[in-house]
Amino acid sequence: MFDYIVIGGGSAGCVLASRLSEDPAVQVCLIEAGGTDKSVLIHCPAAVAVLAKTGQSNWKFSTVPQPGLNGRSGYQPRGKALGGSSSVNAMIYMRGQREDYDHWASLGNTGWSYQDVLPYFKKAEHNERGADAFHATGGPLNVMDLRSPNRFSSVFVEAGRQAGYFVNTDFNGAQQDGVGMHQVTHKNGERFSAAKAYLTPKLGRSNLQVITGAHTTRILMQRKRATGVEFLQKGQLKQVNANREVLLCGGAIQSPQILMLSGIGPRAHLQAMGIATLHDLPGVGKNFHDHVDVVQVVNAPKLTDLFGLSLPGSISAVKAIFEWRNHRRGMLTTNYAEAGGFIKSQASEPTPDLQLHFVVAKLVDHGRKTVFGHGYSCHVCLLRPLSRGSVKLANKDPMAAPLIDPNFFDERDDVDRLVRGFKLMRNILWQPALASYGGSETPRSAKAETDQQIEQFIRDHADSIYHPAGSCRMGSGDMDVVDSRLRVHGLHGLRVVDASIMPRLVSGNTNAPVIMIAEKAADMIKADAQDAAQPLQSKSLATTSV
Ligand SMILES: Cc1cc2nc3c(=O)[nH]c(=O)nc-3n(C[C@H](O)[C@H](O)[C@H](O)COP(=O)(O)OP(=O)(O)OC[C@H]3O[C@@H](n4cnc5c(N)ncnc54)[C@H](O)[C@@H]3O)c2cc1C
């Protein structure tokens, strides 16, 4: 019997398992469908390109056909190993905007304003630049500047400056606007996933059991209380019990799926799937949204110090393997998206509504397509899309992928912003700093000149930049799934802690925000347990707010 069972060993799950097992009197079990994170492809930053191509440690989901993408199905990679998506992501350390969290709080989510969450970003962080008003040292998550950045990343930053943008040295500081180099979740030239930061160093704890290769099939419920978890491991159905709480950290796609498989969700949909409704919760799987993104690719065959498939490229790569093996430095410490920016699609925007990721390679089809030669790419994504979709069950088989529908471009405003964004991005890439190297836009986007043609290009090529969220929304309305302490409405002993609880996506990459959410959740869970354990008399005097 455990006190807490954590479902999913991803960004959030690793934090919870680690923080809750700090108390030796508390028994914690973590259940992860994927394997361990021992592969060098996870630890060597540049190998993210191999992970993208092979789909190793990845659920490799697809969306349902998207009318907004001319009927194409999108790709939804999700990490499947300890560390979850933080073991396969692009390692950019980003928090979003102050206004994102103030917006969450303005919806009635007490305790989630920027001032409230900043201490949790700092609690998580060890920033190698040192501490200041926005940053901290001493936390588990190592954050650093890239050790051996590609010279073209600073050329991009210079091009951004030439286009009139502020050169920002800290996107997570006083202001987000501008162009600059990213900080990354690396340590000593290696990926620093949530597993490496929080879980792996604590695996020796006798009160922490980590079960890998274990696919959760449902949450066990007794009336309105979660009492345990059923999972499938090596063809065998097994159960573990929790006497305090089950903590669902399956991510924005699988947390709603697991709830619905457990009979918690919209009654009509569960009925249609042949699942008995234990708790009718209409918001499960709704409010699903994602950062929609489009990439412009530039051919620059002579620039062989950019990543690319060629003879000189292969010679550099072989040298780089030795450099990384011996010194953890050199080309293989790249996260490819080394630089980027936050810009406004029009001057009247109060804060940036677009994000740029500059990539020191030619990126086609999420890196799944082999492209020869050298070049660079730039993404532009929409930070606060209005379109909302859903996650639904395809059937009642727990091993089946759910129906994922981000409903991209359902709202006209999303298309218009991205068209403006594409033009602003192109303007940066045409500034002298980059243009003087003589690259040429690949024909598929170069043809798009008018707004109508750009829209067509976007609908033909846009897709996720991997930040799905919102499908178990936090709030107090009828369509909300968890309250501001992340407890599932109407149930006991069950919380959801991951990207699915975001009422609205943050304006940036989502790993650090999810880690912050889990740090805050760990404190809330501990405080609530302490409160529950207090004798009734002293309870009335106690405060439990975190
Ligand atoms: C390719 C890619 C690139 C990205 N790049 C960046 C970036 O550079 N910077 C950034 O900040 N963010 C990035 N992100 C996003 C970020 O990594 C995620 O938002 C974040 O990791 C999500 O955390 P989570 O805890 O919500 O879910 P996850 O980390 O995905 O964790 C969910 C876990 O639950 C497990 N699980 C699911 N279903 C079951 C089940 N039935 N039984 C047992 N276990 C289950 C999964 O295997 C997984 O380990 C990227 C994501 C991807 C996929």
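Residues numbered from 1 in each chain as written. Predicted model: local features only at pLDDT ≥ 70, side-chain atom pairs only at ≥ 80, totals over all residues. Heavy atoms only, no water.

### Observations concerning the pattern of salt bridges
Argument step 1. Following the criterion strictly, the structure yields 30 salt bridges and no others.
Argument step 2. The salt bridge partner of Glu 190 is Lys 196, with a shortest N-O separation of 2.4 Å. Lys 196 matches Glu 190 in its accessibility class, with the two residues each being buried.
Argument step 3. Linked by salt bridges that have partners in common, Arg 19, Glu 22, Lys 123, Glu 519, Asp 523 and Lys 526 make up one network. (Salt bridge = Lys/Arg side-chain N within 4 Å of Asp/Glu carboxyl O. Buried < 20%, exposed > 50% of the residue type's maximum accessible area, 1.4 Å probe, protein only.)

### Brief notes about the nonpolar core
Argument step 1. Leu 16, Ile 219, Leu 259 and Leu 486 are the most contacted members of the largest nonpolar core, which has 94 residues in total.
Argument step 2. Take this core: its biggest share by element is ten residues, from helix H15 (residues 511-533).
Argument step 3. Those residues in contact with Leu 259 that sit more than four places away from it in its chain are Ile 219, Leu 248, Ile 264, Val 284, Cys 472, Val 481, Leu 494 and Val 496.
Argument step 4. Ile 92, Phe 152, Val 157 and Tyr 376 belong to the second-largest nonpolar core, a separate cluster that totals 60 residues. (Core = buried A, V, L, I, M, F, W, Y, C linked by side-chain atoms within 4.5 Å. Helix = DSSP H or I, 4+ residues; strand = E, 2+ residues; numbered from the N terminus. Contact = heavy atoms within 4.5 Å.)

### As for the sheet that holds strand E5 (residues 125-127)
Argument step 1. Taken in spatial order, the three strands make up an open sheet running E5-E6-E8, and their pairing is mixed. In this open sheet, the two strands that pair with only one neighbour each are E5 and strand E8 (183-184).
Argument step 2. Sitting on the sheet, helix H5 (residues 114-124) touches E5 and strand E6 (141-145), and the angle it makes with E5 is about 65°. (Pairing = 2+ DSSP bridges. Axes fitted to C-alpha atoms, helices over the stretch in contact; angles between N-to-C directions.)

### A closer look at the state of the cysteines
Argument step 1. Evaluation of the coordinates by the stated rule reveals zero disulfides.
Argument step 2. The thiol sulfur of Cys 381 is not disulfide-bonded, and the nearest other cysteine sulfur, from Cys 378, lies at 10 Å.
Argument step 3. By relative accessible area, Cys 381 is classed as buried at 0%. (Disulfide = S-S within 2.5 Å.)

### Observations concerning the site of the ligand
Argument step 1. Near the ligand lie 38 residues; those nearest to it are Ser 11, Glu 32, Ser 85, Thr 510 and Asn 511.
Argument step 2. Between the ligand and Ala 90 there is a distance of 3.0 Å, counted from a nitrogen atom to a backbone nitrogen or oxygen.
Argument step 3. Look at the ligand: alone it shows 1,000 Å² of surface, and the protein chains cover 97% of it.
Argument step 4. Elements supplying a minimum of two residues to the shell around the ligand: helix H1 (11-20), strand E12 (214-222), helix H8 (251-261) and H15.
Argument step 5. In terms of residue class, the shell around the ligand is built from 16 nonpolar, 18 polar and four charged. (Near = heavy atom within 4 Å. Polar contact = N/O pair within 3.5 Å; in protein donor to acceptor, adjacent residues only side chain to side chain. Areas by Shrake-Rupley, 256 points an atom, 1.4 Å probe, with all protein chains shown as cover. Nonpolar A, V, L, I, M, F, W, Y, C, P; charged D, E, K, R; others polar.)

### What about the environment of Pro 149?
Argument step 1. By the secondary structure assignment, Pro 149 is in the loop between E6 and helix H6 (151-162).
Argument step 2. Taking the relative accessible area as the measure of exposure, Pro 149 reaches 41% and is therefore partly exposed.
Argument step 3. Remark: the alpha-carbon pair of Pro 149 and Met 524, spanning 375 residues in sequence, is separated by 39 Å.
Argument step 4. Setting aside residues no more than four positions away along its own chain, Pro 149 makes contact with Met 181 and Glu 338.

### Side note on the packing of helix H11 (residues 412-429) against helix H14 (residues 451-461)
For any two helices packed against each other, one specifies the crossing angle of their axes together with the interaxial distance.
Argument step 1. Close contact between H11 and H14 brings their axes to 10 Å; oriented N to C, the two are set at 105°. The orientation of H11 relative to H14 falls into the category roughly perpendicular. Contact with H11, carried on its side by Arg 412, Val 415, Leu 418, Val 419, Phe 422, Lys 423 and Arg 426, involves Asp 451, Ile 454, Glu 455, Phe 457, Ile 458 and Arg 459 of H14 and no other residues of that element.
Argument step 2. In terms of residue class, the contact of H11 with H14 is made up of seven nonpolar, no polar and six charged. (Parallel < 35°, antiparallel > 145°, perpendicular 65-115°, else oblique.)

Honestly, that's just the spatial picture; any functional story needs more than this.
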